[in-house]
Amino acid sequence: MAEPLRISWPRLRDRLDTLGAVGATGDGGCARLALTDADREGRDLVVSWMRDLGLRVDVDRIGNVTGTWPADSTEPPVLTGSHIDTVRTGGIYDGNLGVLAGLEAVETIIASGVPLRRPVAVAFFTNEEGSRFAPDMFGSLVFVGGLALEEALDTVGVDGAVVGDELERIGYVGSLPVPGRPPAAFVELHIEQGPVLEAEGVDIGAVTGVQGISWQEVTVTGQSNHAGTTPMAHRHDPAFVAGSVAVFVRDLAGRMGPPQVATVGRIELHPNLVNVVPARATFTVDLRNTSEAALQEAEAELAAHLDALAEAEGVTVERRSLARFAPVAFDPAMVDRVERVATGHGRSVRRMPSGAGHDAQMLARVCPTAMVFTPSVDGISHNPAELTHDRDLEAGANVLLDVLLELVTADSVP
Ligand code: HGY
Ligand code: MN
Ligand code: MN
């Protein structure tokens with residue numbers, strides 16, 4: 001019996017390390033915020049690997065990049081991939097694993113000479129993280145028609161930069177129109193970024209879907225005043241409101257129980273000086289739940305708390321939605337396929353929702369989609385200490401390879 005096809009682990013390890021060195025932060029992590037010079041450098045590197053492989057490289061109007069094999073194919077491909085932009089304190093696996101394991105799977109499929117019923121392709125999507133330019137899953141959302149191109153290009157980032165200008169500056173304004181043509185199917189390999197697989201000693205996650213995401217930016221305007229002379233009863237203190245909300249959402253998530261999570265990730269005070277009662281506080285609230293109804297309940301409780309605080313503290317509160325995505329369920333047949341392939345590889349596997357957002361949740365709007373998870377050591381991610389053991393990276397990449405192989409050789413998809 002012929003040996004089963006397997007990826008080249010040394011080649012994948014080398015690429016993970018080479019890309020991980022782009023924007024390296026010196027502590028094992030990397031910083032490649034979307035559309036920065038470091039992002040361009042990472043993009044150029046992955047594109048060079050795609051070209052070396054003989055893939056047709058297409059760039060669309062929002063800078064999503066796809067490498068397709070055969071290069072002259074015209075049919076919708078089976079697509080894999082993820083993102084290569086990172087948060088500022090990123091690790092080297094979040095997103096990068098999905099793109100590089102996808103490239104490795106494509107290279108392995110090409111080298112095998114297996115006859116393909118449909119093309120295979122690997123993509124990286126623009127600005128998946130959303131931490132510089134909101135919302136997250138930005139490029140894949142434009143790709144599936146969930147965000148208009150003009151609105152996307154006009155988006156202003158936390159640093160005042162504009163998406164269209166930055167895309168132009170780094171040379172990734174492509175010609176392919178958006179929304180893009182739906183692929184035949186999409187499969188994304190990703191680190192779990194949470195503690196579940198490791199805690200249960202399970203090798204592979206067959207991801208059933210992605211939980212709902214609600215990002216808000218809250219701007220509180222009070223009255224700046226002297227820290228020494230202003231009696232407490234005379235204050236209109238936005239910093240007090242920001243701190244109160246951070247405590248409130250922690251208690252709210254506790255009352256609602258898992259899987260509800262809540263995060264105040266960004267707080268900016270103005271003028272941010274030791275002896276000045278702030279004039280203004282701008283902060284973000286990230287709420288998530290697998291249940292849309294529960295997520296709406298959490299949003300309503302937060303809104304009521306903010307209204308009551310505004311009244312009591314004598315401040316004004318403005319709220320702006322940065323991202324709002326309902327929970328997504330992946331195609332059951334595709335989830336079954338991931339589970340079956342992992343089991344066939346002798347790997348333990350469990351079904352699970354994703355706590356993090358992913359490009360796959362956008363592709364699920366237009367084609368049969370699934371994700372493969374690998375365990376995260378200590379459940380750590382969005383942190384330079386992010387780590388997945390080599391044996392798990394390799395196992396995940398080989399499961400991805402076989403899921404893709406099935407899809408590119410099957411009579412029909414999914
Ligand atoms: O926020 C997220 O879940 C993803 O990392 N963009
Ligand atoms: Mn990611
Ligand atoms: Mn991430």
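Our structure's up above, just so we're on the same page.
Residues numbered from 1 in each chain as written. Chains lettered and ligands numbered in written order. Predicted model: local features only at pLDDT ≥ 70, side-chain atom pairs only at ≥ 80, totals over all residues. Heavy atoms only, no water.

Draft legend 1. Local environment of the environment of Arg347. Tracing the sequence through the fold places Arg347 in the loop between helix H10 (332–344) and strand E15 (349–354). Along the sequence, Arg347 and Asp392 sit 45 residues apart, while their C-alpha atoms lie 9.9 Å from each other. Look past the residues within four positions of Arg347 in its chain and what remains in contact with it is Asp203, Ile204, Ala342 and Ala395. (Helix = DSSP H or I, 4+ residues; strand = E, 2+ residues; numbered from the N terminus. Contact = heavy atoms within 4.5 Å.)

Draft legend 2. Inspection of the coordination of the manganese ion (ligand 3) at higher detail. For the manganese ion (ligand 3), every protein donor is listed as Asp94 (OD), Glu129 (OE), Glu129 (OE) and His382 (NE2), and the spread of their distances is 2.2 to 2.6 Å. Along the chain, the residues donating to the manganese ion (ligand 3) are arranged with the sequence spacing D-x34-E-x252-H. In this structure, the manganese ion (ligand 3) lies 3.6 Å from the manganese ion (ligand 2), and both are coordinated by Asp94. Pair noted here: Asp94 is in the loop between strand E3 (78–82) and helix H3 (96–112) and Glu129 is in the loop between strand E4 (120–124) and helix H4 (138–143), with a separation of 35 residues, a long-range link. A relative accessible area of 5% places Asp94 in the buried class. The exposure class assigned to Glu129 is buried, which follows from its relative accessible area of 8%. (Donors = N, O, S within 2.8 Å, 3.2 Å for Na, K, Ca; no water. Buried < 20%, exposed > 50% of the residue type's maximum accessible area, 1.4 Å probe, protein only.)

Draft legend 3. Fine view of the environment of Ala105. Relative to the assigned elements, Ala105 resides in helix H3. Spatially, the C-alpha atoms of Ala105 and Ala121 are 9.7 Å apart, while their sequence positions differ by 16 residues. Setting aside residues up to four positions removed in sequence, Ala105 forms contacts with Leu401 and Leu404.

Draft legend 4. Inspection of the packing of aromatic side chains at higher detail. The full count for this structure, using the stated rule, is 2 aromatic pairs. Centroid distance Phe125 to Phe186: 6.1 Å. Interplanar angle 75°. Geometry classified as edge-to-face. Of the two residues, Phe125 is situated in the loop between E4 and H4 and Phe186 in strand E5 (residues 185–191); the sequence distance between them amounts to 61 residues. A relative accessible area of 3% means that Phe125 is categorised as buried. An aromatic cluster is built from Phe125, Phe143 and Phe186, whose rings are joined through pairwise contacts. It is Arg15 that lies over the ring of Trp49; its NZ or CZ is 5.3 Å from the centre. Its guanidinium or amino end placed over the ring of Tyr172, Arg43 lies 4.8 Å from that ring's centre, counting from NZ or CZ. (Phe/Tyr/Trp six-rings, centres within 6.5 Å; stacked < 30°, edge-to-face > 60°. Lys NZ or Arg CZ within 6 Å of the ring centre and 35° of its normal.)

Draft legend 5. Spatial organisation of the site of ligand 1. Near ligand 1, the surroundings consist of Glu128, Glu129, Asp136, Trp215, Arg288, Ala356, Gly357 and His382. Within the contact set of ligand 1, a nitrogen atom lies 3.1 Å away from a side-chain nitrogen or oxygen of Glu128. For ligand 1, an oxygen atom lies 3.1 Å from a polar atom in the side chain of Asp136. In isolation ligand 1 has 220 Å² of accessible area, and contact with the protein removes 95% of it. (Near = heavy atom within 4 Å. Polar contact = N/O pair within 3.5 Å; in protein donor to acceptor, adjacent residues only side chain to side chain. Areas by Shrake-Rupley, 256 points an atom, 1.4 Å probe, with all protein chains shown as cover.)

Draft legend 6. Representation of unusual backbone geometry within the structure. Here the bond from Trp69 into Pro70 is cis, since omega is -5°, no more than 30 degrees from zero. Its location among the elements puts Pro70 in the loop between strand E2 (65–69) and E3. Look at the link from His270 to Pro271: it is a cis peptide, with omega at 10°. Positive phi outside glycine occurs at Leu35, with the angle close to 70°. Its place among the elements puts Leu35 in the loop between helix H1 (9–20) and helix H2 (37–52). A positive phi is found at Asp378, a non-glycine position, where the angle reads about 60°. Tracing the sequence through the fold places Asp378 in the loop between strand E16 (369–374) and helix H12 (390–409). Residue class for Asp378 comes out exposed when judged on its relative accessible area of 58%.

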